[in-house]
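Single-letter residue listing:
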Amino acid sequence: MAIITVADVLKMAEDFETKLVDYYTKIAEQTTSDGVKLLADYMGRHRRHLSEALERLGSAEREELYSFPIRYEPLALDYTCLERRELPPDATAAEVLDIAIEIDGCLIDLYRQVLAQDVDQEVKDLFESLVQAEEGDTIELKKIKAMDYF
Amino acid sequence: MIFFLPILVFAGILVALAVVLTVAERLLVNYGICKIDINAGDRVLEIEGGQTLLSALIESKIFIPSGCGGRGSCGYCTITVVSGGGAVLPTETPFLTRSQVRSGVRLACQVKVREDLAVRIPEELLNVQLFTATVENVRRLTHDMVETRFELKEPAEIEQRPGQYVQLQAPSPEGPVFRAYSISSPAYATGIVELVVRLVPGGIGSTYAHSLKEGDPIALTGPYGEFRLSEDPDVEIVCIGGGSGMAPLKNILFSVCERWPNRKCWLFFGCRSARDVFYLDEFRELAKKNPNFRVIYALSDHDPWDGEWDGETGFIHVSVDKHLEAGDVKRHAFLCGPPPMIEAVMKVLDEKGFEEDDIFYDKF
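What you see is a predicted model; the values in this text were computed from it and never measured.

When helices and strands are counted, chain B shows 9 helices and 17 strands. By its C-alpha atoms, chain B is 70 × 60 × 40 Å across when sized along the principal axes. In chain B, buried positions account for 49% of the 364 residues. For chain B, long-range pairs separated by at least 24 residues make up 67% of all intrachain contacts whose partners lie at least 6 apart in sequence. Surface accessibility of chain B: about 18,000 Å² in total, with carbon and sulfur atoms responsible for 53%.

All names here are of chain B. Mapped onto the fold, Lys289 is located in helix α7 (residues 280–289). Classification of Lys289 by relative accessible area gives exposed; the value is 65%. Sequence spacing of Lys289 and Tyr31 is 258 residues, and the spatial spacing of their C-alpha atoms is 62 Å.

When the domains of chain B are assigned, the result is domain 1 (31–123), domain 2 (128–224) and domain 3 (236–363). Computed over C-alpha atoms, the centres of domain 1 of chain B and domain 3 of chain B are 38 Å apart.

Moving on: the pattern of salt bridges. Residues and elements named next belong to chain B. Tallied over the full model, the rule gives 23 salt bridges over all chains. For Arg149, the salt bridge identified is with Glu194, shortest N-O distance 3.7 Å. Here Arg149 is found in strand β7 (residues 145–154), whereas its partner Glu194 is found in strand β10 (residues 192–198), with 45 residues between them in sequence. Since its relative accessible area comes to 25%, Arg149 is described here as partly exposed. Taken together, the shared-partner salt bridges connect Glu136, Arg149, Glu194 and Lys250 into one network.

Opposite the 25 residues of chain A that make contact, chain B presents 31 residues. For the pair chain A and chain B, the two sides together bury roughly 2,500 Å², of which 64% comes from carbon and sulfur. Of all residues in chain A, A:Gln132, A:Met147 and A:Tyr149 bury the most surface against chain B, accounting for 33% of the area lost on that side. Where chain A meets chain B, there are 2 salt bridges. In this structure, the salt-bridge partner of B:Glu343 is A:Arg45, at a minimum N-O distance of 2.0 Å. At the boundary of chain A and chain B, one finds 7 residue pairs in polar contact (both at pLDDT 80 or more).

What counts and how
Residues numbered from 1 in each chain as written. Chains lettered and ligands numbered in written order. Predicted model: local features only at pLDDT ≥ 70, side-chain atom pairs only at ≥ 80, totals over all residues. Heavy atoms only, no water. Helix = DSSP H or I, 4+ residues; strand = E, 2+ residues; numbered from the N terminus. Buried < 20%, exposed > 50% of the residue type's maximum accessible area, 1.4 Å probe, protein only. Contact = heavy atoms within 4.5 Å. Areas by Shrake-Rupley, 256 points an atom, 1.4 Å probe, with all protein chains shown as cover. Domains from an automatic or database assignment. Salt bridge = Lys/Arg side-chain N within 4 Å of Asp/Glu carboxyl O. Buried area = accessible area lost by both parts, 1.4 Å probe. Polar contact = N/O pair within 3.5 Å; in protein donor to acceptor, adjacent residues only side chain to side chain.

This is how it looks when you write it as structure tokens:
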């Protein structure tokens, strides 16, 4: 069995974030609502939580972290997390925000699968900060929804 | 039943262990009395070790802003820890930049006081007070927004500046928590604090604010936040808001028009539909007293069935683009609304010649 490392898990998350940017871009292109377009454009542009978290680390620290082994491979990030969330062109801003909140949950699940394992403290710190970033994003999305502007 | 027994026994053991660990921490881990040195000896607190820095400061009547009740999810309670406090926790890093971490900035709710600490706290936060008040008036503004006015009791007056906010104490299952709300009453009304609160389903603060009735006692702390309104009457004031982002703008505009009745100012406000419009009549009245005040409301989702609408339609950044002239004018913009709206407005203001330093908004 191949050894799974932190780098593998982060690659999985990075691929997911890239797909997510495409997903929001598609929503922005297809929507018939100016508000949803404004919102989806914004969410696509601000979807860099993973790279932001990694930028906070020094490059040597980052390289060291990448090579840490993970005992159990986390369940692959379920791409249906995006695909089963196809939105009609007339979806409302509230519907888009609800889905964005669920999608944040998919990433939180992935990071928690690593945190549930017996991993080194440095790895734990990184994944806890990633969970925190996604939870922070969820709070922001809920606040945007509560402002009822779009 | 036989299948549930092992589960129940296992769960029971886990609960018992948790209780033992909690009790053991209380009894065995004794950090004793710890000292917190504030601003290089200006004030030294002696507190029981083991609690968070945020709780210790609140206990000593130093009210650091905190929007989430100390759960580490808002990132508001930043202070500089000069010594002590241990390493930065992973729960703090998403809220701190690298330069903040290097300068010792921490989230007070995540720092446990286990040893003597030295901290730096901005002077204005040391002046924040705890107020007791009663609800003087509750006014429904829209289907999901209320304006609540509190009459201050102790202290009886507040010295607030336009754009500042208070923290309302609300009950929660885990004990009292504080929620931040901008002050909508003008600075000259020193005996009251007025808040505008939209009901957020499941939200602790907004549910509490919406449940208040005349005569109810409440507690709040404040004022918090920087004062950014220029005292130069030649500087034009441009307020732009959307959704429920109105409170600080109302405070700014009423305060400005009272002090400088001819100062040039604008209000651009975006709502979704006619049923979301509020304060329009009040601002039109204010505009009658100040000939240089212009009020522009826009509906982004106007339904002609809602009745006649004599304002603008479309998103508010489009109205700003339409009405505000570009040019070399001394003016300051104050923005309040969701981040995507702020971003769209910032782009328009940039095209109109606003410098970045002349635009003020709070990340929410």
